[in-house]
Amino acid sequence: MDATLDWTQQLLEQLTWHWDAQARPRLDGLDDAEYLWEPVPDCWTIRPRGTGRMMEVGTGPFVIDFAYPEPSPPPVTTIAWRLAHLNVGVLGDRNARYFGGPPISYPTYDYPASADVALAALDEGYRIWIEGVRGLGAEGLSQRCREQGWEQASMATLVLHIHRELIHHLAEIALLRDLYRASGGTGAALGGAA
């Protein structure tokens, strides 16, 4: 192994390149109808309180569909649901635990009904994460993380995991945007689901 290699920079470039070149530009122009679009019946999404299909989780007028244990197979999720997962469970929780971000959890989050608000939260979560990872350095990356079930894993392992989560969920959102556009926002291209 090359001792002079800057591993922090390598880990950052894994995500920042994808974010700048692919993922974030694909989110430009996301509107509220597309954000909440359900491509198939029985999707999990963000819903007005009192209209949820499973457990309703959240503190505001909108809640996230949720069940524990998750059904098998798991339901298709909307862009709104996926952004909430990134904002709360992927970035928000880790930013709070490691990088001084505000406390956050699925039960205490005020889920946004607006794409603009969800995207602003994603941008802020990403900013905190990138600054936090940048500050780890080689010593910080080698420290044990404080993840339940991952107690023996290094922070570098956690950083790689969070980057994989971001990359794959953002790619799923990009695909949902393609399907929305192809169906005219009606779900017609997907067998008539509305």
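The paragraphs below set out a description of the structure included in this document. (Residues numbered from 1 in each chain as written. Predicted model: local features only at pLDDT ≥ 70, side-chain atom pairs only at ≥ 80, totals over all residues. Heavy atoms only, no water.)

Following both chains from N to C, one finds helix 3 (residues 79-98) and helix 4 (residues 115-134) inclined at 30 degrees, their axes separated by 10 Å at the closest point. In terms of orientation, helix 3 and helix 4 fall into the roughly parallel class. For the pair helix 3 and helix 4, the sense of crossing is left-handed. On helix 4, the residues touching Leu83, Leu86, Asn87, Leu91, Arg94 and Asn95 of helix 3 are Ala118, Leu119, Ala121, Leu122, Gly125, Tyr126, Ile128 and Trp129. Looking at the contact of helix 3 with helix 4 residue by residue, the classes come out as 10 nonpolar, three polar and one charged. (Axes fitted to C-alpha atoms, helices over the stretch in contact; angles between N-to-C directions. Helix = DSSP H or I, 4+ residues; strand = E, 2+ residues; numbered from the N terminus. Parallel < 35°, antiparallel > 145°, perpendicular 65-115°, else oblique. Left-handed = near helix turned anticlockwise from the far one by under 90°. Contact = heavy atoms within 4.5 Å. Nonpolar A, V, L, I, M, F, W, Y, C, P; charged D, E, K, R; others polar.)

Let us look at the side chain of Asn87. Checked against the element boundaries, Asn87 lands in helix 3. A polar side-chain atom of Asn87 sits 3.2 Å from the main-chain carbonyl oxygen of Ala118. Once you skip the residues sitting within four places of it in the chain, Asn87 turns out to touch Gly92, Ile104, Tyr109, Ala118, Ala121 and Leu122. (Polar contact = N/O pair within 3.5 Å; in protein donor to acceptor, adjacent residues only side chain to side chain.)

Before going further, it helps to spend a moment on the environment of Glu34. Looking at the element boundaries, Glu34 is found in helix 2 (residues 32-36). Assessed through its relative accessible area of 6%, Glu34 is described here as buried. On a C-alpha basis, the gap between Glu34 and Gly185 in space is 7.1 Å, while along the polypeptide they are 151 residues apart. Apart from residues lying up to four places away in sequence, Glu34 is in contact with Gly29, Ile79, Arg177 and Tyr180. (Buried < 20%, exposed > 50% of the residue type's maximum accessible area, 1.4 Å probe, protein only.)

Glancing now at the nonpolar core. Grouped together as the largest cluster of nonpolar side chains are 50 residues, with contacts concentrated most on Tyr35, Leu83, Tyr111, Leu122, Trp129 and Leu170. At the level of elements, helix 1 (7-27), strand 3 (62-66), helix 3, helix 4 and helix 6 (155-183) are the ones that each hand at least two residues to this core. The biggest single contributor to this core is helix 3, with 10 residues. Not counting residues up to four positions away in its chain, the partners in contact with Tyr35 are Leu30, Ile46, Thr78, Ile79, Ala80, Leu83, Pro112, Ala113, Ser114, Ala115 and Ala118. (Core = buried A, V, L, I, M, F, W, Y, C linked by side-chain atoms within 4.5 Å.)

Note the cis peptide between Tyr68 and Pro69, where omega equals 0 degrees. When you line up the elements, Pro69 lands in the loop between strand 3 and helix 3. Of note, the phi angle at Asp42 is positive, near 65 degrees, even though the residue is not glycine. Mapped onto the elements, Asp42 comes out in the loop between helix 2 and strand 1 (46-48).

Below, the discussion takes up helix 6. Because an α-helix packs 3.6 residues into every turn, residues spaced three or four apart end up facing the same way. Across its 29 residues, helix 6 extends 42 Å between first and last C-alpha, which sits within 8% of the 42 Å expected from 1.5 Å per residue. Following helix 6 by one or two positions, Gly184 adopts a phi angle in the positive range, close to 70 degrees. (Expected span 1.5 Å × (residues − 1).)

Let us look at the packing of aromatic side chains. Under the criterion given, the structure shown has seven aromatic pairs. Summarising the aromatic geometry, the rings of Trp44 and Trp81 are spaced 6.0 Å apart at their centres and angled 40 degrees between planes, so their arrangement reads as tilted. You can see Trp44 sitting in the loop between helix 2 and strand 1 and its partner Trp81 sitting in helix 3, a full 37 residues away along the chain. Residue classification places Trp81 among the buried positions, given a relative accessible area of 13%. A ring pair is formed by Phe99 and Trp129, whose centres lie 5.4 Å apart and whose planes are at 70 degrees; its orientation type is edge-to-face. Taken as a pair, Phe99 in the loop between helix 3 and helix 4 and Trp129 in helix 4 lie far apart in primary sequence, 30 residues in all. The two residues Phe99 and Trp129 agree in class, both being buried. By the ring-pair criterion, three or more aromatic residues cluster together here, those being Tyr98, Phe99 and Trp129. (Phe/Tyr/Trp six-rings, centres within 6.5 Å; stacked < 30°, edge-to-face > 60°.)

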